[in-house]
Amino acid sequence: MSAHRVAASLPRIGVTIGHVPQKLKTGGIEPSRRARLEVLRRIVTRTVREERVELKWNRAVEARPYVERLIQLGVERGPLDEYTAEMMEWWLLEKDLITKMHEVIVPRFQNNASPFTSLFRLPPQRLQQFIQNKREVWKRYDIGVLEIHGNPFPPVQEESSEQSDSILDILLADALRNHQMDLQERLNSEKSK
Amino acid sequence: MKVPVRGLLALRKASTAVATAETIPPAVLSSEFFDHVRHQVYGDSRKVDKVVVTVKTEAKDKPVLVNRNVSTSFHCFNHINKQFADDSVLVEVIPSVGGAYFSSVNQPIQDQSEVRKIGFDTSENLNLVNEAYWRSCSLVTAAFLKEALDVDVDFGFPRGSIQDGYFSVAVKGLNGNVFTPDELSTINRFGKSYIRDDKAFEVISVPKTIAEESGINGDHLIRIGHQVFTTDGPVIRSTRQIGRFSILRSKLTGKSGKDVLVGGVSIPAKQPTSSYSWSLIAKNANQKFSKSN
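Residues numbered from 1 in each chain as written. Chains lettered and ligands numbered in written order. Predicted model: local features only at pLDDT ≥ 70, side-chain atom pairs only at ≥ 80, totals over all residues.

Asks: Report on the overall build of chain B, specifying residues and quantitative values.
Replies: When helices and strands are tallied, chain B shows 8 helices and 12 strands. Counting across all 293 residues of chain B, residues that qualify as buried make up 35%. (Helix = DSSP H or I, 4+ residues; strand = E, 2+ residues; numbered from the N terminus. Buried ≥ 20, exposed ≤ 12 C-beta atoms within 10 Å, placed from the backbone.)

Pasting the structure below:
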């Protein structure tokens, strides 16, 4: 793979790339250098399939740049490019997703700048890991939501509604205004002394 | 032409005599009186007619079959879901005959109509919601003061707005005794437990003729728990919708100087805020209430 050569000619992706390698071990995958990529490509496949996925936070952080780069390749190079085809072939385990990528996701971002994905942090969840000798082992996980922009789901973050006439806003605005005036008066009286 | 002083006095005497003969004494507002007026306005609740009420939501309109003069908009909203009903503060009623009007959620529906929920998060009609909330806070204050005080008191509700920064209730019958800080703290504790009890605001819209006959001074009769008051506009659904609430102080008011004005401030439960913001609001309300005439 000529990753260095290709990456140099592509614009920088619009997401942060973590500098601390995350441990992504998974049961069923033999630990090796390859295992990490296997985990990541499963996540990338799932993200392209579902367009919004809930993952452990560290996996979501790690997988996001790969999803970004894959979409960017589609946008910048198109389906006929050899390197892009090779990347799509490898990263998307289910082959119908290559069609989806080129026909559904990439056209969505033709006139858009990176980032093409969003990452949200959910409150930590306490989940059962396994049961050993009737002993339940629970662990606390940080959860992230990785999504591709323009997905059909409702927004993760509620749009802030215009509430400037709400009781709280009226009372608080008045209180802050008077508080500010009090402070100003106190400051002026101290200056005059 | 000058009117002789004696003649003027005689005229005034005569006019007051006529006035006293025509005036109906104000009604004694009790829970039994509330039931009596409800019977007068809505008839016998055992004989019920069914009407179709359409609940308008953002997604779709849902027709529901309810009891005329018995069921309220709250009952209709419960057909959508409980959360939807609990969040309702006021309701816009569009009757099949006549013009649309805004009413309390707990007011019985009198005819076939369409109803639309108005909540604290509704962008339209926020002023109405704010007015209703402020009015309700005054009424709740009067309700728990009446339960808390062992003397027989009467209440007046001065017109106030959110922009004043505080709401107030005039208490008549305390003979000029304002509440001490200790008493206020006890009243606040009692008030908070009273509010937490989720007491519904039962509402009757009283027609003018019945109001005049019964000596009701207002167009709405409100019952909170066992306490009944008259007011001139819609109120919120339940005390559970009241969030942070504080009675700040009391001072003397009125021409006689014997009435006590109790001031307080509150924000809805649906609009939570930090303790710091609340302390600023309470301090500001306290200052404005103290400075007001």
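The discussion continues.
Asks: Explain the pairing of strand β3 (residues 90–95) of chain B to me, and be specific about the residues and the numbers.
Replies: Residues and elements named next belong to chain B. Pairing of β3 with strand β4 (residues 101–104), which is carried by 4 bridges, proceeds in the antiparallel orientation. Bridge pairing links Glu92 to Phe102 in β4. In terms of strand pairing, β3 meets strand β5 (residues 113–118) through 6 bridges, oriented antiparallel. The partner of Val91 across the bridge, within β5, is Lys117. (Pairing = 2+ DSSP bridges.)

Asks: So what's going on with the nonpolar core? Residues and values would help.
Replies: Counting residues in hydrophobic clusters, the biggest one holds 68 residues, and the most contacted among them are B:Val129, B:Leu139, B:Val140 and B:Ile222. The dominant element in this core, judged by the number of residues it contributes, is helix α5 (residues 126–148) of chain B, at 12 residues. Those residues in contact with B:Val129 that lie beyond four places of it in its chain are B:Val89, B:Leu90, B:Ile118, B:Phe120 and B:Thr122. Among the nonpolar cores identified, the runner-up in size contains 24 residues, and A:Leu55, A:Met87, A:Leu92 and A:Ile105 belong to it. (Core = buried A, V, L, I, M, F, W, Y, C linked by C-beta atoms within 7 Å. Contact = placed C-beta atoms within 7 Å.)

Asks: Go over the packing of helix α6 (residues 167–192) of chain A against helix α8 (residues 275–291) of chain B with me, naming the residues and quoting the values.
Replies: At a minimum axis distance of 9 Å, the contact between α6(A) and α8(B) shows a crossing angle of 75 degrees. As far as their axial angle goes, α8(B) and α6(A) are roughly perpendicular. In contact with A:Leu171, A:Leu172, A:Asp174, A:Ala175, A:Leu176, A:Asn178 and A:His179 of α6(A), α8(B) contributes B:Ser277, B:Leu280, B:Ile281 and B:Asn284. (Axes fitted to C-alpha atoms, helices over the stretch in contact; angles between N-to-C directions. Parallel < 35°, antiparallel > 145°, perpendicular 65-115°, else oblique.)

Asks: Describe in detail helix α4 (residues 82–91) of chain A, supporting the description with residues and values.
Replies: Residue and element names in this part refer to chain A. Among all positions in α4, only Thr84, Met87, Met88 and Trp91 are buried. Projected onto a plane normal to the axis of α4, the buried residues spread over an arc of 100 degrees and lie on a single side. Exposed positions of α4 whose direction lies more than 90 degrees from the buried face are Glu82 and Glu89. (Arc of directions from axis to C-beta.)

Asks: Break down the sheet that holds strand β6 (residues 154–156) of chain B for me, with residues and values.
Replies: Residue and element names in this part refer to chain B. The strand order β6-β7-β12-β11 describes an open sheet built from 4 strands, whose pairing is antiparallel. At either end of the open sheet lies a strand with only one pairing partner, and these are β6 and β11 (242–253). Along the sheet, successive strands turn relative to each other by an average axial angle of 30 degrees, direction set aside. With 5 bridges joining them, strand β7 (residues 167–172) and strand β12 (residues 259–268) adopt antiparallel strand pairing. Bridge assignment links Ser168 to a residue of β12, and that residue is Gly263. In the packing of α8 onto the sheet, contacts are made with β11 and β12, and the angle to β11 comes to roughly 20 degrees.

Asks: Now, about unusual backbone geometry: what can you tell me, with residues and values included?
Replies: All names here are of chain A. The amide bond that connects Ser114 to the next residue, Pro115, takes the cis arrangement and shows omega of 5 degrees. Along the chain, Pro115 falls in the loop between α5 (96–108) and β2 (117–132). Positive phi, close to 50 degrees, is recorded for Asn133, a residue that is not glycine.

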